[in-house]
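The chain contents come next:
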Amino acid sequence: MVDKEIIFIHTSDWHLGYEQYQKINRSKDFTLAVVNLKKAILSMEPKPNFLIHTGDVFHHFRPSALAFRTAYNFFNAMKENNIDVYVIRGNHDAPGSRYRKAHKDYLFLLSEMGLINYLTTDSPVINLDNEISIMGIGFFGKRTSPILNTIFNKYKEELPKDNLKILLTHALVEGQLPNDYDLTIQELVSYKFDYYALGHYHLPWFREKWNLWVSGSTEQTASNQWFDEYNIRNEGNICKYGSYLVVKAKRNEEENNWLLRAEYKKIPVRWKIIVRKELKGKTATEIETQIREIISQTPIDQNICHFNFKIHGSADQFSEVTNQNKYADLLSKAFHFSIKFDFTQETDYSFASLHATEEEIITNYVKEMIEEEKESTILSIINYFLALGENLVEGVANIPNEEEQLQQILNLALNSNLENNIDEKTITSQPFEEAKEVFLKNNKIISKPIKSKKQKSKGNTSIDEFL
Ligand SMILES: [Mn+2]
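If you're wondering where the values come from, they're calculated on a predicted model, not measured in any experiment.

**Student:** How would you summarise the overall build of the chain if you had to cite specific residues and measurements?
**Tutor:** Within the chain, the regular secondary structure consists of 14 helices and 15 strands. Taking as baseline every contact in the chain between residues at least 6 positions apart, the subset at least 24 positions apart corresponds to 74%.

**Student:** Give me the nonpolar core: which residues, what numbers.
**Tutor:** Buried together is how nonpolar side chains tend to be arranged in soluble globular proteins. Grouped together as the largest cluster of nonpolar side chains are 66 residues, with contacts concentrated most on Val-85, Val-87, Ile-166, Leu-168, Tyr-196 and Ala-197. Each residue touching Leu-168, except ones within four places of it in the same chain, is listed here: Ile-52, Thr-54, Tyr-86, Ile-88, Leu-119, Ile-134, Gly-136 and Ala-197. Counting 19 residues, the second largest nonpolar core, distinct from the first, contains Cys-239, Trp-271, Phe-309 and Ala-334.

**Student:** Explain the environment of Gly-114 to me, using residue names and the numbers behind them.
**Tutor:** Within the secondary structure, Gly-114 is located in the loop between α4 (106-112) and β4 (117-118). Put simply, Gly-114 and Lys-79 are 35 residues apart on the chain and 8.7 Å apart in space, counted from C-alpha to C-alpha.

**Student:** How would you explain the sheet that holds strand β9 (residues 205-207) if you had to name every residue and give the values?
**Tutor:** Spatially, the 6 strands line up as an open sheet ordered β5-β6-β7-β8-β10-β9, and their pairing is mixed. Since the sheet does not close on itself, it has two edges, and those belong to β5 (125-128) and β9, each with one partner. Each strand of the sheet is rotated relative to its neighbour by a mean of 15 degrees, with strand direction disregarded. Note: strand β8 (residues 195-199) against strand β10 (residues 212-214), 3 bridges, orientation parallel. Opposite Tyr-196, over in β10, you have Leu-212 as the bridge partner.

**Student:** Quick rundown of unusual backbone geometry? Include the residues and the values.
**Tutor:** At the junction of Glu-45 and Pro-46, the peptide bond is cis and its omega measures out at 0 degrees in the coordinates. Position of Pro-46 relative to the elements: it lies in the loop between α1 (26-42) and β2 (50-53). Positive phi is not limited to glycine here, since Asp-56 has a value of about 60 degrees. Inspection of the secondary structure puts Asp-56 in the loop between β2 and α2 (65-80). Positive phi, normally seen in glycine, also occurs at Asn-82, with a value near 55 degrees. Mapped onto the elements of the fold, Asn-82 is located in the loop between α2 and β3 (84-87). For Asn-82, a count of 9 C-beta atoms within 10 Å corresponds to the exposed category.

**Student:** I'd like to hear about the environment of Arg-62, residue by residue, with values.
**Tutor:** Note that Arg-62 resides in the loop between β2 and α2. As a C-alpha pair, Arg-62 and Asp-93 span 31 residues in sequence and 8.2 Å in three-dimensional space.

**Student:** Describe the packing of α1 against α2, and please don't skip the residues or the numbers.
**Tutor:** Contact geometry for α1 and α2: axes closest at 10 Å, N-to-C directions at 5 degrees. In this view, α1 runs roughly parallel relative to α2, as classed from their interaxial angle. Of α2, the residues touching α1 (which contributes Ser-27, Thr-31, Val-34, Lys-38 and Leu-42) are Leu-66, Thr-70, Phe-74 and Ala-77. The residue makeup of the contact of α1 with α2, split by class, is 5 nonpolar, 3 polar and 1 charged.

**Student:** Let's hear about α2: which residues, and what values?
**Tutor:** Working note: α-helix, 3.6 residues per turn, so residues spaced by three or four point in the same direction. Taking 1.5 Å as the rise per residue, α2 with 16 residues should run 22 Å; its terminal C-alpha atoms sit 22 Å apart, in good agreement. Where α2 is buried, its residues contact α1, β2, β3 and α4.

**Student:** I'd like a rundown of the pairing of β3, residues and numbers included.
**Tutor:** Here β2 runs beside β3; their pairing, made up of 4 bridges, is parallel. When the sheet's bridge partners are listed, Leu-51 is paired in β3 with Val-85. Of the pairings in the sheet, the one linking β3 to β4 comprises 2 bridges and is parallel in character. By the bridge assignment, Tyr-86 is partnered in β4 with Asn-117.

**Student:** Explain the environment of Phe-335 to me, using residue names and the numbers behind them.
**Tutor:** Topologically, Phe-335 is positioned in the loop between β14 (304-314) and β15 (336-345). Residues Phe-335 and Lys-272, spaced 63 residues apart in sequence, show a C-alpha to C-alpha distance of 9.7 Å. Phe-335 has contacts with Arg-270, Gln-302, Asn-303 and Ile-304, leaving out every residue within four places of it along the chain.

**Student:** Describe the confidence of the model for the chain, naming the residues involved and giving the relevant values.
**Tutor:** Taken residue by residue, the chain gives an average pLDDT of 81. The fraction at 70 or more is 73%. In this model residues 386-395 is a low-confidence stretch, pLDDT under 50, and it forms 20 contacts with partners more than four residues away in sequence or in other chains. This model gives residues 416-436 a pLDDT under 50, and the stretch forms 43 contacts once residues within four places in sequence are excluded.

Calculation notes
The residue numbering used here restarts from 1 in each chain and proceeds along that chain's sequence as written. Where local features are concerned, this predicted model is filtered to residues with pLDDT of at least 70; where side-chain atom pairs are given and counted, the filter is 80 or more; whole-chain, interface and lining totals use all residues. Strands are runs of DSSP state E lasting at least two residues, helices are runs of H or I lasting at least four, and both sets are numbered from the N terminus onward. The contact criterion used here is simple: two residues whose C-beta atoms, placed from the backbone, lie within 7 Å are in contact. For this entry, the nonpolar core is defined as buried Ala, Val, Leu, Ile, Met, Phe, Trp, Tyr and Cys residues connected by C-beta atoms within 7 Å. Partly exposed residues are those falling between the two cut-offs: more than 12 but fewer than 20 other C-beta atoms within 10 Å of their own, whereas 20 or more means buried and 12 or fewer means exposed, with C-beta atoms placed from the backbone. Two strands make a pair as long as DSSP finds a minimum of two bridges between them. To get an axis, fit a line to the C-alpha atoms, keeping to the stretch in contact for a helix; angles then go from 0 to 180 degrees between the N-to-C directions. Comment on the angle field: the value is read as roughly parallel under 35 degrees, roughly antiparallel over 145, roughly perpendicular from 65 to 115, and oblique elsewhere. Side-chain classes follow a simple rule in which Ala, Val, Leu, Ile, Met, Phe, Trp, Tyr, Cys and Pro form the nonpolar group, Asp, Glu, Lys and Arg form the charged group, and the remainder, Gly included, forms the polar group. Expected span, for any helix, means 1.5 Å times one less than how many residues it has. Values of pLDDT, which run from 0 to 100, indicate the predictor's confidence residue by residue.

Structural data, given as structure tokens:
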């Protein structure tokens with residue numbers, strides 16, 4: 001036992017079924033990344049002992065057939081190769097708590113099929129071989145910290161001191177985003193686990209000193225994930241890989257502790273390219289020529305391409321050459337593209353002139369404020385609040401400035417607890433365009449609250465009572 005090395009895989013945030021950019025084929029990319037992960041694991045020598053998944057197996061809590069089959073095939077392959085799997089739920093895997101109580105989720109199904117060990121608050125700890133203890137806590141947003149504390153104190157006796165102790169979480173850890181976190185490093189470390197497996201954050205991130213590790217997602221769900229500070233997933237301006245971790249652990253009897261080595265591994269994915277260029281031209285024709293030149297020098301074929309051009313002048317001055325559709329012919333071979341322009345002379349987009357360009361303003365505004373990934377969810381939340389016309393709307397109705405009202409609604413929506421405030425209907429994410437339309441229509445009621453139409457649910461009978 002002394003010299004035996006334990007090897008395990010840490011993976012996270014597969015987001016199976018995500019039809020990003022409203023493209024059905026994009027969901028195949030998320031499947032392919034997981035298929036490639038499976039192949040990589042099965043070709044490992046020696047084989048890993050077990051695998052941990054820190055949440056967001058699925059992008060939608062009602063996964064598509066393809067998404068479910070991908071997960072099934074992966075976990076089944078692990079089972080056939082005697083690689084035990086331990087999973088916690090991410091925010092994408094499970095809907096609001098009321099719905100979850102009634103219906104459970106697809107991770108429960110996989111667990112009932114005997115393919116995964118699903119760590120939930122009812123059963124958060126599993127010990128294996130008298131040597132390894134795995135504790136997991138799924139997504140709870142801002143409630144993660146107190147719930148983790150309760151669970152830990154309730155189950156700490158099940159974590160023998162000398163075991164290799166692993167904690168799985170799906171929460172934001174201090175230091176990942178500038179001003180937001182669910183768990184501090186200090187509190188995590190106080191629980192004295194040997195390896196902290198973190199999900200939710202999609203980029204490689206680690207604090208080796210404390211054994212805090214984010215594996216990173218297998219595919220990128222938003223453009224802010226195209227580059228990581230360690231250049232694990234990108235080469236220059238091209239993002240080429242998703243990532244996962246291979247962890248090796250060895251008991252050090254002399255020091256009475258575990259020695260861990262975690263190593264990032266790459267999974268090839270569809271390329272994402274970002275080109276940022278300052279254009280020098282003075283006339284519209286010169287600008288257009290430069291744009292065309294830059295595009296034709298970029299390896300766009302079947303790739304996802306973002307062009308950000310900076311132009312000296314005003315938007316009005318170059319309006320005829322700064323519509324991205326003008327370059328659609330050149331970009332027809334790209335899987336997806338977007339061209340954005342930045343002008344040194346700002347165009348006046350005040351909310352007073354909302355009518356003429358309201359769609360543009362709100363789209364830009366929402367895009368700047370929130371990550372792509374959260375776009376449809378946030379807009380659904382805004383719709384939900386607006387439709388309710390409750391406290392939230394009343395709370396902001398006194399703010400005279402419309403822009404500040406919207407800002408406040410967005411802040412409240414972002415800070416609101418998804419678990420408690422969002423019901424099944426709301427979380428059924430509408431495509432972005434559709435949500436935006438509803439939002440624009442409802443925008444007018446910001447200062448005129450309407451009565452709540454929310455219905456109290458009658459009798460929360462769990463289907464389990466009938467099974
Ligand atoms: Mn995720």
